[in-house]
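An overview of the molecular structure
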Amino acid sequence: MKTIDLRGNWLLLGKSPEGKGIACQLTIPGDFHSALLKEGIIKDPYMGFNEKDQLWVGQSQWTIEREFEYQPFNGRSFLTITEADTFFTVYINDKKVASGQNQFARYRFDVSDYLLSGNNKITIVFDSAEKKSVEISKKLPYPVPYMKYDIFSPDRNLARKCQCHGGWDWGPCIMVSGIYGDIKLECVEDGLFNYVNVNYEHENDNWIAKILVNFYSIVEKSVHFDFEIAGPDIKNATLTKEYHLNKGENLISVDLEVKSPSLWKSAGELEEACLSQNTIYTLTVKENDVSEIRKIAFNTLKAVSKKDKINGKDGRSIYFENNGKRIFAKGSNWIPAENLPSRLTDQRYKDLIESAVKAHHNFIRVWGGGFYEKEIFYDLCDLYGIIIWQDFMFACSMYPASEEFLSEVQNELDYQIPRLQSHACIGLWCGNNENYGAMNWFEECHQNHDRYMVDYDRLYHDTIGKAVKKYDNRLYWQSSPCAGPDDFADNWHADTMGDMHYWSVWHERKSFDAYLSIRPRFVSEFGYESFPSMECIRSFADEKDLNFTSKLMEYHQRSPSGNSIIIENFSRYFKFPLGFENMVYLSQVQQALAIKTAVDWWRSLAPSCMGAVIWQLNDIWPGPSWSMLEYNGKWKLLQYLSARFFAPLYVSAFIKDKLLYVKACNDNSRDCDINVKVQYLRFDGSQYKAEKNINIKAPSASVTDIFEEALDSENAEDYFIYVSSTINGKTSSEVIFPALYKHAALEKANISMQIKERSCDFEIILTTDKPAFYVSLDNDNLPGLFSDNMITLLAGKEEKLIFTPKAGTKPSLEDVKKKISVKNLSGSY
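A brief structural summary. (Residues numbered from 1 in each chain as written. Predicted model: local features only at pLDDT ≥ 70, side-chain atom pairs only at ≥ 80, totals over all residues. Heavy atoms only, no water.)

Take the overall build of the protein chain next. Of the regular secondary structure elements, the protein chain holds 15 helices and 49 strands. For the C-alpha atoms alone, the extent of the protein chain along its principal axes is close to 90 × 70 × 65 Å. Here the protein chain holds 829 residues, and 60% of them are scored as buried. Counting contacts in the protein chain only where the partners sit at least 6 residues apart, residues at least 24 apart contribute 69% of the total. (Helix = DSSP H or I, 4+ residues; strand = E, 2+ residues; numbered from the N terminus. Buried < 20%, exposed > 50% of the residue type's maximum accessible area, 1.4 Å probe, protein only. Contact = heavy atoms within 4.5 Å.)

Because each turn of an α-helix spans 3.6 residues, side chains separated by three or four positions in sequence point in the same direction. With 23 residues, helix α9 (residues 449-471) ought to run about 33 Å at 1.5 Å a step, and its terminal C-alpha atoms sit 31 Å apart, in line with that. The sharpest bend along α9 measures roughly 25 degrees and falls at Asp457. Residues Tyr452, Met453, Asp455, Tyr456, Leu459, Tyr460, Thr463, Ile464, Gly465, Ala467, Val468 and Tyr471 constitute the buried set of α9. (Expected span 1.5 Å × (residues − 1). Bend = angle between axes of the 7 residues up to and from the residue.)

So, about the nonpolar core. Within the largest apolar cluster, 192 residues are counted, with the highest numbers of intra-cluster contacts made by Trp602 and Tyr774. Those residues within four positions of Tyr774 in sequence are excluded, and the remaining contacts are Tyr585, Val589, Leu593, Val735, Phe737, Tyr741, Met790, Ile791, Lys823, Asn824 and Leu825. By size, the runner-up hydrophobic cluster in this structure holds 38 residues, among which are Leu6, Ile42, Tyr70 and Ile92. (Core = buried A, V, L, I, M, F, W, Y, C linked by side-chain atoms within 4.5 Å.)

It is worth spelling out the packing of aromatic side chains at this point. Per the counting criterion, the structure on display carries 75 aromatic pairs. Over the aromatic face of Phe394 sits the side chain of Arg160, whose NZ or CZ is 4.0 Å from the ring centroid. In this structure, Arg326 is placed above the aromatic ring of Tyr319, and the distance from its NZ or CZ to the ring centre is 3.9 Å. (Phe/Tyr/Trp six-rings, centres within 6.5 Å; stacked < 30°, edge-to-face > 60°. Lys NZ or Arg CZ within 6 Å of the ring centre and 35° of its normal.)

The next subject is unusual backbone geometry. Note: most peptide bonds trans; most residues except glycine with negative phi. At the junction of Asp85 and Thr86, the peptide bond is cis and its omega measures out at -5 degrees in the coordinates. The topology assignment puts Thr86 in the loop between β7 (84-85) and β8 (87-92). With an omega of 5 degrees, the peptide bond running from Ser480 to Pro481 counts as cis. Locating Pro481 in the fold gives a position in the loop between β32 (476-477) and β33 (500-501). One non-glycine residue, Glu83, adopts positive backbone phi at about 60 degrees. Looking at the element boundaries, Glu83 is found in the loop between β6 (76-82) and β7.

Attention shifts here to helix α6 (residues 375-384). Looking only at α6, the buried set comprises Phe377, Tyr378, Leu380, Cys381, Asp382 and Tyr384. Backbone geometry just after α6 places Gly385 at a positive phi near 80 degrees.

Attention now goes to the pattern of salt bridges. Under the definition given, this model contains 50 salt bridges. The closest approach of N and O atoms between Asp545 and Lys544, which form a salt bridge, is 3.3 Å. The exposure class assigned to Asp545 is buried, which follows from its relative accessible area of 9%. You can call Lys544 exposed: its relative accessible area is 67%. Salt-bridge contacts for Asp815 lead to Lys819; the nearest nitrogen and oxygen are separated by 3.6 Å. With Asp815 and Lys819 both in helix α15 (residues 813-819) and four residues apart, this pair spans about one turn of that helix. Asp815 gets classed as partly exposed once you look at its relative accessible area, which sits at 24%. (Salt bridge = Lys/Arg side-chain N within 4 Å of Asp/Glu carboxyl O.)

Across the interface, helix α13 (residues 580-604) lies against helix α14 (residues 637-645) with an axial gap of 8 Å and an inter-helix angle of 25 degrees. Taken together, α13 and α14 sit at an angle that is classed as roughly parallel. Along this stretch, α13 crosses α14, giving a crossing that reads as right-handed. Facing α13, whose interface residues are Tyr585, Gln588, Val589, Gln591, Ala592, Ile595, Lys596, Val599, Asp600 and Arg603, α14 presents Leu637, Leu638, Leu641 and Phe645. When the residues that make up the contact of α13 with α14 are grouped by side-chain class, the tally is nine nonpolar, two polar and three charged. (Axes fitted to C-alpha atoms, helices over the stretch in contact; angles between N-to-C directions. Parallel < 35°, antiparallel > 145°, perpendicular 65-115°, else oblique. Left-handed = near helix turned anticlockwise from the far one by under 90°. Nonpolar A, V, L, I, M, F, W, Y, C, P; charged D, E, K, R; others polar.)

For the rest of this paragraph, the subject is the sheet that holds strand β10 (residues 106-110). What the four strands build is an open sheet, ordered β1-β15-β6-β10; its pairing is antiparallel. What marks the edges here is a single partner per strand, and that holds for β1 (2-5) and β10. Here the strands of the sheet are splayed against their neighbours by 20 degrees on average, with no regard to which way each runs. Across four bridges, the pairing between β1 and strand β15 (residues 183-188) is antiparallel. Pairing of Ile4 across the sheet is with Leu185, part of β15. (Pairing = 2+ DSSP bridges.)

Written out as structure tokens, the structure reads:
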């Protein structure tokens, strides 16, 4: 086999809105917007209002071309393209070869008859996905509705393309186009692998890897296939076998025995050392000089859904189990990390996934309005033990069920499911995001529900469901949210069955304690917005724009009334903050407290509730959103707080129905001794009433009630409750306000900060004269992480934190002192 790599430099050709010809260099993998930006033809769409000025790019036709050398041989040559976005036609030496219309499919075109000896030219014409979608919509027998935002691309649901490129309630409308994966010529004498799947059976420590190979042969002949699983502690897991191949597709199955492999564990099951890693093995299948390689791991991960009874009502569980142990899913939803694919790098994926792992996340839901992620994403999740809920790429819309559309969907399923199936991290396949519930959003569906229900069933049951069963044995969950496989019950506000999206606090503007009113089985979406740091805001805004209600700040806020909701809850809970920077700080405090309210309660309900998956981990561009990590990867306060409330062993304290609850959530496989101290303090730091000391043993995989007490509500504004827990010599703390924060008799705290340089990090020593709450450090234009953040300082008690600069950076002590600042609640107004 010979491969001619066609990645690299191409020529991009097009026209400006004024009809002027454009010719510039393009790097593949990459997108056209990035090439135009590099040449200065467009401005950065993330800055200011520039997004509007680049809409013409997605509405235009673009051509890319390059030359390559080719020498004839005794075989066939296939042009293989992945992640071609979206409607394209291929020409070789000015002759039309083939076309495609699906970003998520892999295309293999036999181009042998178009190639010349020596120099060849390849040209690919990309039509506007927006214009093609509008053309398709005009031919539909009836409308296929979809969610629309202030700035959107029409009929985006008719293109098999990343849906959020057309605008969403947290991101811009940038209809990028290009090739983001491979483009190559594969010159073969025998054939090519379509896919390699692997499933497992085991008895004790003896494992059988059941390998299924789909091989496309260009000739009929007998050949030898070599199979090998390699990795630590594996010996003699090899096999060579002869098969007779027919011309076309051939299915080949073989079993390989592996003795005593290391078992894959989820992030919570791995050793407690930071960024512990699984053992990953390599499966290689080879025919002649053609080979296919899969990274695999041995596990028993599965999603479980069983009918049961909850508080006398019919219920249905959903939870994940690995190595015989139930796992509480603690994590977040993943959206595309970038709207301009050329900017996506392996290092950005690594930084984002490692940020999740460092904060004790063990679960990520890949949301259905983006794209099937790159191999590096799943490789990292395999390595670090992140369980993946994998949506198929359909979101917040109706979709056609025509033969042509379903055929395109089938093409992507035939590629994507086998591509991802061997990854140990995949826990569940889900048909779509909110599309069943979306039938209640559109007037067209109200008028003819049966019509859209039939289309829904054809797509998600007859097409996607059957494809999952064909290629894999994992659970297929038809929609998120839903009450269970093939269950069409409304699950937006029903909390006894299946997974739930709970948005009443944000979209319905209910108070934070509304989270305490439900007893869910698994929450796969819930969120609360905040602004990013000043560092991030200044990357897209000028000083004149630094106001929550400025035109630009409202422009970058894509959730309807989003800034107003944030401000409204300032006045609901807090004394109103003074100045823009304090509003930014308080927005992050507010977000963190909202989400903590939910997680503390839902974790305490285990094993009835077995998942709290926050919307959302990351951002696609800079601006206010529900994210835990800013666009540049910087941690918001919520991310720091999640490292505490998602810890495997966590002592939570919360108020419900005027009662104080203190509970221990132990997800570990071992019992643990805990010392808990409950202090009642006035806001000058003096004792309000006698403290309580409690020693308990928290059994493994359990929730333990530590303490419960009715609160003194008459004088609620006069004191706070400080709960500290010591586990294995390490102490953490939680603070509880019996009264609204704005009514509490806070005293102004004067915080002093000392910073000392150490060998590879910096020690920060904080002290205060009065209790200081939600004390938060910021590292402005100083990449790195704090050991903790958003903490409580007690008067006269020294707290030490560590700032670790990002790998590869070596800031001076003077620079660190200059760029690290501190804020607290009493200083915000």
